[in-house]
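Take a look at the letters that make up each chain.
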Amino acid sequence: MSQSQRPRQDGWASRIGVILAVAGSAVGLGNFLRFPGNAAQNGGGAFMLPYFISLLVLGIPLCWAEWTMGRYGGRHGFNSSPGIFTAIWPHRAAKYFGAIALAIPLFIYMYYVQIEAWCLGYALNYLNGTLTDPASLRQTLQLAPTAEETKVFGEFFSRYVGSHEDGALFHPQGRSTLWVVVVAFLLNFALIYRGISKGIESFCKVAMPLMVFCALCVLVRVLTLDPPPGKPDQTVLAGLGFMWNPQPKKLLDPGTWLAAASQIFFSLSVGFGIIINYASYLKKDDDVALSGLTASSMNEFFEVCLGGLITIPAAFVFFGLALREYAGSTFNMGFIVLPNVFAQMPAGRFFGFLWFFMLFLAAITSSVSMLQPVIAFLEEGFGLRRHASATILGLITALGCGYVLYFSGETKALAEFDFWSGTLMIYVLALFQILLYGWVFGIQRGEQELHQGAHIRVPRVVQWNLKYVAPVFLLAIFGSFCWQSGKQQLVATWKDPVKFGSVLFMLVVFGFLLGMVHIAGRRWERQGKVKYE
Ligand code: PFF
């Protein structure tokens, strides 16, 4: 292929840009909705012990490994995981593992963009005042005048996302949600189409500071809330206690450790093939050690300091101990309890808008990162230009989104996609990546590569940890995860046609990706880009 035919090499325009883009991918709904629910349900303050152990043993080290391997792969002419894995492990099998790193973000995108659209839809509903006044909402929804407020917001949510019936969003009443999903979907593609620096980087540079601003405004409002009249015990401080008081007994439950490790992976966006791709656009001497640490620290700030201080304490002030009923479910907390809280809070319309708009920004900087790995693969695997890659990817994701949108009943399809891609497959990919780094790339080479152009020195123990401790820890968690919920989940999937259909859909798309990776591998061989050992 002549130079002029080759797709133009895209890349990051600035160091802060790549850090913000990685942090943008990491900071998302996981930080504000998934984390508080997880912590409250798994031992409150005690949850933070397995959480921080997972962060130190798995999260940050794997993050460094991904940054290192990604930049190494980029230097060897690859931006997609199938290519990068092959550059590190020149074996025919390596690229097929790369297919997992394409499939995970792709499947997550298919449902994540819908939750993102709900956030946008809720923000708009705050702007036009629909969600501010429970009395008129009660009327619009034709509920009994005596219906409690939680019920009113619950009903609104259920109708908004179509969880009462499959196909509900395709009825005339569901159209408004459908339109918002289409808008969110197209916005993602518009960003990805503009490319790495003009699309993802420029957007994250604006969106991240804006998110901090919105979140801080909401935080200040929450921390200065007064207890409702007649309920002097329901203070913000008691809300913090509700969330953070440790229940040490929970530490003996393997479920707590599982929840903590999955939270770390999901939240930091490690083990998804995203960082590897983003880092591949760096130059040889661009720092990865400090950048990786900075992006992870930003994520932790958003998660623990903002996510951990807003949702539950605010809800506690208005609900008190009754919150126990809702705290375990991400959607209930985010879309039913919080609107209730905003309805009772002074200037709730404004803060409700800020909150959901901030969630939307957090979500879109994450969802756009889920599209990039496949785009990069289509470009380098088939020599396609960006618009052709974006069109193909648009068609595949539209099919998946359509499936999840149609089977909206009890958000079952969404939960199934989340379980297989967002929980199970990430363990497999994370384990593969850790083994690839520790045992194939080698920790000596890894340490050297990590420190090339680095602004900090990473202690050697991190390398030993990546080789010996992290894989064992991960295997133990993964093993107990399969042991605990594997069989139960398989049976549930087998018995339910929608769940079964979701898994079938994912398998077909995965098969398709494997086929594409196979063809791309042949092409690279012919071009002399890869030489197997
Ligand atoms: N880290 C994101 C969050 O916390 O919401 C979620 C995410 C981003 C998952 C990117 C997967 C991914 F590829």
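The structure under discussion appears in the preceding block.
About the thresholds
- Residues numbered from 1 in each chain as written.
- Predicted model: local features only at pLDDT ≥ 70, side-chain atom pairs only at ≥ 80, totals over all residues.
- Heavy atoms only, no water.
- Helix = DSSP H or I, 4+ residues; strand = E, 2+ residues; numbered from the N terminus.
- Buried < 20%, exposed > 50% of the residue type's maximum accessible area, 1.4 Å probe, protein only.
- Contact = heavy atoms within 4.5 Å.
- Areas by Shrake-Rupley, 256 points an atom, 1.4 Å probe, with all protein chains shown as cover.
- Lys, Arg positive; Asp, Glu negative; His and termini not counted.
- Charge placed at Lys NZ, Arg CZ, Asp CG, Glu CD.
- Core = buried A, V, L, I, M, F, W, Y, C linked by side-chain atoms within 4.5 Å.
- Salt bridge = Lys/Arg side-chain N within 4 Å of Asp/Glu carboxyl O.
- Axes fitted to C-alpha atoms, helices over the stretch in contact; angles between N-to-C directions.
- Parallel < 35°, antiparallel > 145°, perpendicular 65-115°, else oblique.
- Left-handed = near helix turned anticlockwise from the far one by under 90°.
- Nonpolar A, V, L, I, M, F, W, Y, C, P; charged D, E, K, R; others polar.
- Patch = residues over 30% accessible without salt bridge, like charges linked within 9 Å, V, L, I, M, F, W, Y side chains within 5 Å.
- Near = heavy atom within 4 Å.
- Polar contact = N/O pair within 3.5 Å; in protein donor to acceptor, adjacent residues only side chain to side chain.
- Phe/Tyr/Trp six-rings, centres within 6.5 Å; stacked < 30°, edge-to-face > 60°.
- Lys NZ or Arg CZ within 6 Å of the ring centre and 35° of its normal.
- Expected span 1.5 Å × (residues − 1).
- Bend = angle between axes of the 7 residues up to and from the residue.

Let's talk about the overall build of the chain
Line of reasoning, step 1. The helix and strand tally for the chain stands at 20 helices and zero strands.
Line of reasoning, step 2. Referenced to the eigenvectors of the C-alpha coordinate spread, the extents of the chain come out at roughly 75 × 50 × 45 Å.
Line of reasoning, step 3. Taken across its 533 residues, the chain has 62% of its residues classed as buried.
Line of reasoning, step 4. Partitioning the contacts of the chain with sequence separation of at least 6, the portion at a separation of at least 24 is 82%.
Line of reasoning, step 5. By element, 65% of the accessible surface of the chain is carried by carbon and sulfur atoms, the whole surface being about 20600 Å².
Line of reasoning, step 6. Each charge class in the chain was averaged separately, 38 positive and 29 negative side chains, and the resulting centres sit 8 Å apart.

Some points on the nonpolar core
Line of reasoning, step 1. Ranked by size, the top nonpolar core spans 197 residues in total, and within it Leu 58, Trp 67, Phe 335 and Trp 355 carry the most contacts.
Line of reasoning, step 2. Element by element, the count of residues in this core is highest for helix 5 (residues 94–127), at 23 residues.
Line of reasoning, step 3. Contacts of Phe 335, omitting those with residues within four sequence positions, involve Leu 33, Ile 115, Trp 118, Cys 119, Tyr 122, Phe 153, Phe 157 and Phe 356.

Digging into the pattern of salt bridges
Line of reasoning, step 1. Throughout the structure, instances matching the rule amount to nine salt bridges.
Line of reasoning, step 2. When the shortest N-O distance is used, the salt bridge between Arg 92 and Glu 525 registers 3.3 Å. One end of the pair, Arg 92, is in the loop between helix 4 (81–88) and helix 5; the other, Glu 525, is in helix 20 (residues 497–527), and 433 residues separate them in sequence.
Line of reasoning, step 3. For Lys 412, the salt bridge is made with Asp 496, and the minimal N-O distance between the two is 2.8 Å. Pair noted here: Lys 412 is in helix 18 (residues 412–451) and Asp 496 is in the loop between helix 19 (461–495) and helix 20, with a separation of 84 residues, a long-range link.

Some details on the packing of helix 5 against helix 17 (residues 386–406)
Line of reasoning, step 1. Running from N to C, helix 5 and helix 17 point in directions that differ by 55°, and their axes come no closer than 9 Å. Relative to helix 17, helix 5 is oriented oblique. At the point where helix 5 passes helix 17, the crossing takes the right-handed sense. Contacts between helix 5 and helix 17 involve Leu 106, Tyr 109, Met 110, Tyr 111, Val 113 and Gln 114 on the former and, on the latter, Leu 393, Ile 396, Thr 397, Gly 400, Cys 401, Val 404 and Leu 405.
Line of reasoning, step 2. Looking at the contact of helix 5 with helix 17 residue by residue, the classes come out as ten nonpolar, three polar and no charged.

Section: a nonpolar patch on the surface
Line of reasoning, step 1. Side chains of Leu 435, Trp 439, Val 440, Trp 464, Tyr 468 and Val 469 sit close together on the surface and give an oily, nonpolar patch of about 580 Å² of accessible area.
Line of reasoning, step 2. Listed by contribution, the elements that provide at least two residues to the nonpolar patch are helix 18 and helix 19.
Line of reasoning, step 3. By the secondary structure assignment, Val 440 is in helix 18.

Looking at unusual backbone geometry
Line of reasoning, step 1. Even without being a glycine, Ser 269 presents a positive backbone phi close to 60°.
Line of reasoning, step 2. As for its position among the elements, Ser 269 is in the loop between helix 11 (254–268) and helix 12 (274–279).
Line of reasoning, step 3. The exposure class of Ser 269 is buried, given its relative accessible area of 6%.
Line of reasoning, step 4. Despite not being glycine, Thr 411 has its phi angle at roughly 40°, a positive value.
Line of reasoning, step 5. One can find Thr 411 in the loop between helix 17 and helix 18.

Overview of the site of the ligand
Line of reasoning, step 1. Close contacts around the ligand come from 16 residues, with Ala 26, Gly 30, Tyr 112, Phe 266 and Ile 274 the closest.
Line of reasoning, step 2. Residue Gly 30 places a main-chain N or O atom 2.8 Å away from an oxygen atom belonging to the ligand.
Line of reasoning, step 3. Here a nitrogen atom of the ligand and a side-chain polar atom of Ser 269 are 3.1 Å apart.
Line of reasoning, step 4. Across the complex, the protein chains shield 100% of the 340 Å² of accessible surface that the ligand would expose by itself.

Concerning the environment of Ser 366
Line of reasoning, step 1. Relative to the helices and strands, Ser 366 is located in helix 16 (residues 348–382).
Line of reasoning, step 2. Taking the C-alpha atoms as reference, Ser 366 lies 8.8 Å from Ala 21; in sequence the two are 345 residues apart.
Line of reasoning, step 3. Sequence-distant contacts of Ser 366, defined by excluding residues within four places in its chain, comprise Gly 24, Ser 25, Val 27, Gly 28 and Tyr 112.
Line of reasoning, step 4. Here the side chain of Ser 366 touches Gly 24 through a polar contact of 3.3 Å, landing on its backbone oxygen.

Examining the packing of aromatic side chains
Line of reasoning, step 1. Taken as a whole and assessed by the stated rule, the structure comprises 50 aromatic pairs.
Line of reasoning, step 2. With a centroid separation of 4.1 Å and an interplanar angle of 5°, the aromatic rings of Phe 97 and Phe 432 are classed as stacked. Within this pair, whereas Phe 97 is found in helix 5, its partner Phe 432 is found in helix 18, the two being separated by 335 residues in sequence.
Line of reasoning, step 3. Overall, the relative accessible area of 12% leaves Phe 432 in the buried class.
Line of reasoning, step 4. Aromatic ring contacts, followed pair by pair, group Trp 118, Tyr 122, Tyr 126, Phe 156, Phe 157, Tyr 160, Phe 331, Phe 335, Phe 342 and Phe 356 into a single cluster.
Line of reasoning, step 5. In this structure, Arg 34 is placed above the aromatic ring of Phe 266, and the distance from its NZ or CZ to the ring centre is 4.3 Å.
Line of reasoning, step 6. Geometry around Trp 439 places Lys 467 over its ring, the cationic atom sitting 4.3 Å from the centre.

Section: helix 13 (residues 289–319)
Line of reasoning, step 1. The terminal C-alpha atoms of helix 13, which comprises 31 residues, lie 44 Å apart, in line with the 45 Å expected from a rise of 1.5 Å per residue.
Line of reasoning, step 2. The sharpest bend along helix 13 comes to roughly 40°, located at Gly 307.
Line of reasoning, step 3. Across the 31 residues of helix 13, 22 count as buried, placing the element largely inside the fold.

Focus: the environment of Ala 21
Line of reasoning, step 1. For Ala 21, the position within the fold is in helix 1 (residues 15–26).
Line of reasoning, step 2. By relative accessible area, which is 0% here, Ala 21 ends up buried.
Line of reasoning, step 3. Spatially, the C-alpha atoms of Ala 21 and Trp 179 are 27 Å apart, while their sequence positions differ by 158 residues.
Line of reasoning, step 4. In this structure, Ala 21 is in contact with Trp 12, Ile 200, Cys 204 and Tyr 278, ignoring residues within four places of it in sequence.

Examining the packing of helix 5 against helix 16
Line of reasoning, step 1. Close contact between helix 5 and helix 16 brings their axes to 8 Å; oriented N to C, the two are set at 160°. Classified by the angle between their axes, helix 5 and helix 16 sit roughly antiparallel to one another. The handedness of the crossing between helix 5 and helix 16 is left-handed.
Line of reasoning, step 2. Taken together, the residues of the contact of helix 5 with helix 16 break down into 25 nonpolar, four polar and two charged.

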